[in-house]
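As a plain string of letters, each chain reads:
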Amino acid sequence: MKVNAITLRSGNVIEHNGKLGAVVKNDIIQPGKGASVCQVEVRDLITGSKDNLRFRTQETVERIRLDQDEYQFLYSDDDGCHFMDQKSFEQIMIARDLIGAPAAYLQDGMIVEIESHEGKPLGVKLPDSVTVEIVEAEPVVKGQTATTSYKPALLENGVKVMVPPHISSGTRIVVKTEDGTYVERAKD
């Protein structure tokens, strides 16, 4: 679908020079003289490399719609992560590097959204947050709870996260899957 470059927003996928790219950032630049231009930062969906593109504001760009389907996480091995389509029960394998750092937060039976284009998986979107247990945390130092300092803790999946001083080993916490930051103590 052709759209004006000025209408591109973060998260849109475009096809430029035969490559698919996700818009990361877009700015409209108005020079002192001449017409305005759209400066668009694009991340290649296949290689992950970033590129800056400039379009005239009225220039048209091919915007791509990705297929988004729900899959259930089954297991991971040396080859990658295995998922099952919720509708057809067909299984697919996706390389860990395509998922990136959030792959550490995959849990058995978790429902994820896989984006694909013409049958080729391009990305995996996990739930916004997950509940995990802390297996190791430094003890609380008396008087330290009054400050806003954080301490390191090790999660059951092997990821280190910074938590408030009152959190101890064995506590279940909620963590953002996007960047691995502490949200709150789990309410269960």
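Up top you'll find the structure we're talking about.
Everything numeric here is computed off the predicted structure, so don't read it as measured data. (Residues numbered from 1 in each chain as written. Predicted model: local features only at pLDDT ≥ 70, side-chain atom pairs only at ≥ 80, totals over all residues. Heavy atoms only, no water.)

So, the environment of Asp77
Take Asp77: it is sitting in the loop between strand E7 (67–76) and strand E8 (81–85). By relative accessible area, Asp77 is classed as partly exposed at 30%. A distance of 3.0 Å separates a polar side-chain atom of Asp77 from the backbone nitrogen of Asp79. In terms of polar contacts, Asp77 uses its side chain to reach the side chain of His82, at 3.1 Å. (Helix = DSSP H or I, 4+ residues; strand = E, 2+ residues; numbered from the N terminus. Buried < 20%, exposed > 50% of the residue type's maximum accessible area, 1.4 Å probe, protein only. Polar contact = N/O pair within 3.5 Å; in protein donor to acceptor, adjacent residues only side chain to side chain.)

Structural notes on the sheet that holds strand E10 (residues 111–117)
Read across the sheet, five strands follow the order E9-E8-E7-E10-E11 without closing on themselves; strand pairing throughout is antiparallel. Either end of the sheet is taken by a strand with one partner, and the two such strands are strand E9 (91–94) and strand E11 (120–125). Neighbouring strand axes in the sheet, compared pairwise and without regard to direction, differ in orientation by 45 degrees on average. Taken together, the five bridges between E10 and E11 define a ladder with antiparallel strand orientation. From the neighbouring strand, His117 faces E11, where its bridge partner is Lys120. (Pairing = 2+ DSSP bridges. Axes fitted to C-alpha atoms, helices over the stretch in contact; angles between N-to-C directions.)

Some points on the side chain of Gln39
Relative to the elements of secondary structure, Gln39 occurs in strand E4 (residues 37–44). A polar contact of 2.8 Å, which involves the side chain of Gln39, links it to the side chain of Arg54. Beyond its immediate sequence surroundings of up to four residues, Gln39 is in contact with Lys25, Asn26, Asp27, Ile29, Asn52, Leu53 and Arg54. (Contact = heavy atoms within 4.5 Å.)

Focus: the pairing of strand E14 (residues 160–163)
Side chains of E14 alternate between two faces, with Val161 and Val163 buried and Lys160 and Met162 left unburied. As paired strands, strand E13 (residues 151–155) and E14 are joined by four bridges and run antiparallel to one another. Bridging from a neighbouring strand, Leu154 pairs with Lys160 of E14. Between E13 and the antiparallel strand that follows it, E14, lie four residues; Gly158 among them carries a positive phi value of about 90 degrees.

Quick notes on unusual backbone geometry
At Asn17, a residue that is not glycine, the phi angle is positive and equals roughly 55 degrees. Along the polypeptide, Asn17 turns up in the loop between strand E2 (13–16) and strand E3 (19–29). Asn17 gets classed as exposed once you look at its relative accessible area, which sits at 70%. With phi around 65 degrees, Phe89 is a residue other than glycine that occupies positive phi space. If you trace the backbone, Phe89 turns up in the loop between E8 and E9. By relative accessible area, which is 56% here, Phe89 ends up exposed.

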